[in-house]
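# Report on the structure
These are the residues of each chain, in order.
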Amino acid sequence: LALDDVPGPRGLPVLGNVFDVDTQDPIGGLVQLAEQYGPVYRLSLPQGSRLIVSSAELVAEVCDDERWDKHVGGGLSNIGGSGAGLFTAETGDPLWARAHNILMSPFSLPSMRDYLPKMIDLAEQLATKWERVNPGEEVDVPADMTRLTLDTIALCGFGYRFNSFYRETPHPFVDAMVRTLLEAQTRARQPKIAARLRIRAQRQAEEDLAFMNGLVDGLIAERRAQGDTADTSDLLGRMLTGVDSRTGERLPDDNIRAQCITFLIAGHETTSGLLSFAINYLLKEPAATERAKAEVDEVLGDRAEPTFEQIQRMTYVRQVLDESLRLWPTAPAFTRHPLADTVLGGYRVPAGTPVSVLIPALHRDPAAWGPDADRFDPDHMAAERIAALPPHAYKPFGTGQRACIGRQFALQEAVLVLATLLQRFELIDSRDYQLRTKMTLTVKPEDFHIQVRPRGRTL
Ligand code: HEM
């Protein structure tokens, strides 16, 4: 069977299926189409055909790095400033390989020990803020989690403090970043001619980019002035001194700048969404909360500064986070293409055709997860359950050589923060929150407020 035979919604001529993709809730819309059309379906978009896959069997095919590669396209390739950053670079770009080789070590699990004091610094700022909330007042969970994760990646990344907990409105860098991302997405959805007409937005995007580049260039220049080896405790220090072991080459400054901006973009909203979803699920599952709290009390007691080893020991807290990423993977899709003409699910797929893995649908496949696949249950993530899964049934961090380089970073930060909150607070579902999600580049709970009460205090 040919590509055109793949089932999918019937589109309008020229515009294809643009109206089938719900712009408010694109992922929910795509998941519904998967329920209707099955594990592989086709969308016809102004840019051409795109397949959407969601069964473990088909996902295993497209994850084969020998025959398939990451497809850089859509909203991401439009983010000019980080064009050469790890996330948006083509796998064949020599600078991708060089940066990947240099950065693997600073992002490895043993290196996480070095970032822990800085992560604790920000976790403490969050806890201090929540301790000072008056009884009956609410906290905005996703907003505070975004303050936390943005400040954490900036401090561990390049020693910069956004001081988001001391601001009512976001730091100007964040405004510039969010505008850039939204503009990139808008352009990606439009035919090229319409995108070219967005002259004012284009000018704003150029200004935003210049502002972001200027801030990071300043930090790099400052470091160079101090001497490259003055501070290697953060990612910037390691990028300035790092050498690609295969070629002996270093990273050029403009690429280091692109990597810094990439880490801010890739590293903060995803982790912030993860923490917000985890808190939402814990509020609704008191038994899981009690178990997580018991583990935190046993491992940490009332110790304020968890060690690297203690973080590793909190395996149930980690399962809570893994399970949140199963039901709501905060980077909900990644896209691949075959290197040569191939066959997928019985259909001929020409080389280069984009095929998106729809992670929330994959993660709820009853064939892999059982009849209660839709239920939040951290036991789904117990080691023996994971070992029994079909390969590629769980992909919140993407796949193969293009998988998330920040996975250990995100998980250490998330375990630390969730454990700190469980250790110190009762989390109160004051509005009986019903989960609604909102998508910008990543997915987050929308309008999610709770009350918090320091543990042991009765009011
Ligand atoms: C790549 C998810 C946290 C940096 C990816 C990909 C996914 C992902 C799905 C693959 C994208 C693709 O194939 O197109 C997540 C999730 C996170 C998270 C769910 C948090 C819960 C982070 C953090 C950082 C980071 C904290 C940096 C500090 C990156 C980079 C890439 C990437 C640089 C591109 C890697 C490459 O292609 O060489 N992430 N991420 N991510 N992520 Fe993450």
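Everything below is about the structure printed above this text.
In short, a report on the structure. (Residues numbered from 1 in each chain as written. Predicted model: local features only at pLDDT ≥ 70, side-chain atom pairs only at ≥ 80, totals over all residues. Heavy atoms only, no water.)

## What about the overall build of the protein chain?
- When helices and strands are tallied, the protein chain shows 18 helices and 12 strands.
- On C-alpha atoms alone, the protein chain measures out to a radius of gyration of 22 Å, which is about the 23 Å that the 2.2 N^0.38 rule sets for 459 residues.
- The C-alpha extent of the protein chain, read off along each of the three principal axes, is 65 × 60 × 45 Å.
- The burial tally for the protein chain puts 53% of its 459 residues in the buried class.
- Taking contacts inside the protein chain between residues at least 6 apart in sequence as the whole, the part at least 24 apart equals 73%.
- Surface exposure of the protein chain reaches about 20,200 Å², of which carbon and sulfur atoms provide 52%.
- Across the protein chain, the centroid of the 50 positively charged side chains sits 3 Å from that of the 62 negatively charged ones. (Helix = DSSP H or I, 4+ residues; strand = E, 2+ residues; numbered from the N terminus. Rg over C-alpha atoms; globule rule 2.2 N^0.38 Å. Buried < 20%, exposed > 50% of the residue type's maximum accessible area, 1.4 Å probe, protein only. Contact = heavy atoms within 4.5 Å. Areas by Shrake-Rupley, 256 points an atom, 1.4 Å probe, with all protein chains shown as cover. Lys, Arg positive; Asp, Glu negative; His and termini not counted. Charge placed at Lys NZ, Arg CZ, Asp CG, Glu CD.)

## Thoughts on the site of the ligand
- Taken together, 24 residues lie near the ligand, and K70, W96, I153, R402 and C404 sit nearest.
- In the model, an oxygen atom of the ligand is placed 2.8 Å from a nitrogen or oxygen of the W96 side chain.
- A distance of 2.8 Å separates an oxygen atom of the ligand from a polar atom in the side chain of R402.
- Secondary-structure elements contributing two or more residues to the shell around the ligand are α11 (253–284) and α18 (407–424).
- Broken down by element, the shell around the ligand gets its largest block of residues, 5 residues, from α11.
- Partitioning the shell around the ligand into residue classes produces 16 nonpolar, 6 polar and 2 charged. (Near = heavy atom within 4 Å. Polar contact = N/O pair within 3.5 Å; in protein donor to acceptor, adjacent residues only side chain to side chain. Nonpolar A, V, L, I, M, F, W, Y, C, P; charged D, E, K, R; others polar.)

## As for the sheet that holds strand β9 (residues 425–428)
- Taken in spatial order, the 3 strands make up an open sheet running β4-β12-β9, and their pairing is antiparallel. Each end of this open sheet is capped by a strand with a single partner; those strands are β4 (139–140) and β9.
- In the sheet, β4 pairs with strand β12 (residues 449–454) via 2 bridges, with the strands oriented antiparallel. Bridge pairing in β12 places D140 opposite H449. (Pairing = 2+ DSSP bridges.)

## Structural notes on the pattern of salt bridges
- Counted according to the given criterion, the structure contains 30 salt bridges.
- The partner of R67 in a salt bridge is D64, and the shortest N-O contact between them spans 3.3 Å.
- The partly exposed category is assigned to R67, whose relative accessible area is 33%.
- A relative accessible area of 25% means that D64 is categorised as partly exposed.
- Between R179 and D208 there is a salt bridge, with the nearest N and O atoms lying 2.8 Å from each other. In this pair, R179 is assigned in helix α7 (residues 172–189) and D208 in helix α9 (residues 199–226), connecting sequence segments 29 residues apart.
- A relative accessible area of 4% places D208 in the buried class. (Salt bridge = Lys/Arg side-chain N within 4 Å of Asp/Glu carboxyl O.)

## A closer look at the packing of helix α5 (residues 109–131) against α18
- Axis separation between α5 and α18 bottoms out at 9 Å; the angle between their running directions is 35 degrees. The handedness of the crossing between α5 and α18 comes out as right-handed. Where α5 abuts α18, its residues L109, M112, Y115, L116, M119, I120, A123, E124, L126, A127, W130 and E131 lie against Q408, F409, Q412, E413, L416, V417, T420, L421 and R424.
- Residues of the contact of α5 with α18, tallied by class, amount to 14 nonpolar, 3 polar and 4 charged. (Axes fitted to C-alpha atoms, helices over the stretch in contact; angles between N-to-C directions. Left-handed = near helix turned anticlockwise from the far one by under 90°.)

## Details of the coordination of the iron atom of the ligand
- For the iron atom of the ligand, the protein contributes exactly one donor atom, C404 (SG), at 2.3 Å.
- Relative to the elements of secondary structure, C404 occurs in the loop between α17 (383–387) and α18. (Donors = N, O, S within 2.8 Å, 3.2 Å for Na, K, Ca; no water.)

## Observations concerning the packing of aromatic side chains
- By the definition in use, this model includes 10 aromatic pairs.
- In this structure an aromatic cluster arises from ring pairing among Y160, F162 and F173.
- A cation over a ring is seen here: R326 above W369, with NZ or CZ 5.0 Å from the ring centre.
- Here the basic side chain of R364 rests over the ring of W328, its NZ or CZ set 5.9 Å away from the ring centre. (Phe/Tyr/Trp six-rings, centres within 6.5 Å; stacked < 30°, edge-to-face > 60°. Lys NZ or Arg CZ within 6 Å of the ring centre and 35° of its normal.)

## So, the pairing of strand β2 (residues 48–53)
- Direction of pairing for strand β1 (residues 40–45) relative to β2: antiparallel, over a ladder of 6 bridges. Note on β2: the bridge partner recorded for V40 is V53.
- Joining the antiparallel neighbours β1 and β2 is a turn of 2 residues.
- Two strands pair when backbone bridges link them, and β2 and strand β8 (residues 355–358) are joined in this way by 3 bridges, in the parallel orientation. In the strand pairing of β8, I52 is matched with S356.

## Some words on the sheet that holds strand β5 (residues 333–338)
- Spatially, the 5 strands line up as an open sheet ordered β1-β2-β8-β5-β3, and their pairing is mixed. At either end of the open sheet lies a strand with only one pairing partner, and these are β1 and β3 (68–70). Across the sheet, the axes of successive neighbouring strands diverge by a mean angle of 35 degrees, strand direction being ignored.
- Against the sheet, helix α1 (residues 26–37) contacts β1 and β8, and its axis sits at roughly 130 degrees relative to β1.

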